[in-house]
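Below are the chains, spelled out letter by letter.
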Amino acid sequence: MTPFTEKAKALIKRIPRGRVATYGQIAFLAGFDGGARQVAWLLHSSSAKDRLPWHRVIGGRGRISLPRGCGFETQLRRLRAEGVNVPPSGRIDLGRYLWEPRFSTASNP
DNA sequence: AATGTGACGGACC
DNA sequence: TGGTCCGCCACAT
């Protein structure tokens, strides 16, 4: 477990219901700009017991990155269940659903 | 040590 | 809007 991994997981857990974050965004917030692929790797290799809201993490173009038949449907269902509008094109409106983390002294030690 | 592989992302056309 | 190409970086072989 690297510090980056810990931070990234903590961040992902903070994504509110009905909002989404991108791999690159998580990497950036975790202090590793450009580490989008590592975020993807950690999600892919993390176990279910981590309880991460992985379905709220999408690609920087607002699209679900999972291949059809390999989790895509599950992620789509869960996002829609939270009120996220996913149009037929698959492009989620980031301007509307992208998570904007609030840094407060209370939640940001 | 060298090489292949992604749940990525930016640049281009 | 959508499709390629390419740089990226930790991991697995």
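Check the entry above for the structure.
Everything in this summary refers to the structure shown in the same document. (Residues numbered from 1 in each chain as written. Chains lettered and ligands numbered in written order. Predicted model: local features only at pLDDT ≥ 70, side-chain atom pairs only at ≥ 80, totals over all residues. Heavy atoms only, no water.)

Let us now look at the protein's contact with DNA strand B. Close to DNA strand B lie 14 residues; Gly24, Arg37, Gly60, Arg61 and Ser65 are nearest. Backbone polar atom of glycine 24 to a phosphate oxygen of DNA strand B: 2.7 Å apart, as the coordinates give it. At a separation of 3.3 Å, a base nitrogen of DNA strand B approaches a polar side-chain atom of histidine 44. Mapped by element, the contributors of at least two residues to the surface near DNA strand B are α2 (23–29) and α3 (36–45). A per-element tally of the surface near DNA strand B places α3 first, with five residues. (Near = heavy atom within 4 Å. Polar contact = N/O pair within 3.5 Å; in protein donor to acceptor, adjacent residues only side chain to side chain. Helix = DSSP H or I, 4+ residues; strand = E, 2+ residues; numbered from the N terminus.)

A word on the pattern of salt bridges. Taken as a whole and judged by the stated rule, the model has two salt bridges. Arginine 56 is the salt-bridge partner of glutamate 82, the closest N and O atoms lying 2.7 Å from each other. Here glutamate 82, found in the loop between α4 (72–81) and α5 (94–97), pairs with arginine 56, found in the loop between α3 and β2 (57–58); they are 26 residues apart in sequence, far enough to count as distant. Neither glutamate 82 nor arginine 56 differs from the other in exposure class; each is buried. (Salt bridge = Lys/Arg side-chain N within 4 Å of Asp/Glu carboxyl O. Buried < 20%, exposed > 50% of the residue type's maximum accessible area, 1.4 Å probe, protein only.)

Formed by 16 residues in total, the largest nonpolar core has its most connected members in Ile12, Ile15 and Ile26. Within the residue set of this core, elements represented by two or more residues are α1 (3–13), α2 and α3. Sorting elements by how many residues they give to this core places α1 first, with four residues. Every residue in contact with isoleucine 15, bar those within four places of it in the chain, is listed here: Val20, Ala21, Ile26, Arg56, Val57 and Trp99. (Core = buried A, V, L, I, M, F, W, Y, C linked by side-chain atoms within 4.5 Å. Contact = heavy atoms within 4.5 Å.)

Another aspect to go through is the environment of leucine 43. Considering the arrangement of structural elements, one finds leucine 43 in helix α3. Owing to a relative accessible area of 16%, leucine 43 belongs among the buried residues under this scheme. Separated by 14 residues in sequence, leucine 43 and valine 57 have C-alpha atoms that sit 9.1 Å apart. Excluding its chain neighbours within four sequence positions, the residues that come into contact with leucine 43 are Ile12, Tyr23, Leu52, Trp54 and Val57.

In this section: the protein's contact with DNA strand C. Taken together, Arg37, Gln38 and Trp41 form the complete shell of residues around DNA strand C. When the atoms of DNA strand C within 4 Å of the protein are grouped by moiety, sugar and phosphate amount to 50% of the total. Side-chain polar atom of arginine 37 to a base nitrogen of DNA strand C: 3.3 Å apart, as the coordinates give it. Glutamine 38 is positioned such that a nitrogen or oxygen atom in its side chain is 3.2 Å from a sugar or linking oxygen of DNA strand C.

With a phi angle near 55°, arginine 51 is a residue other than glycine that sits in the positive phi range. Within the secondary structure layout, arginine 51 lies in the loop between α3 and β2. For arginine 51, a relative accessible area of 68% translates into the label exposed.

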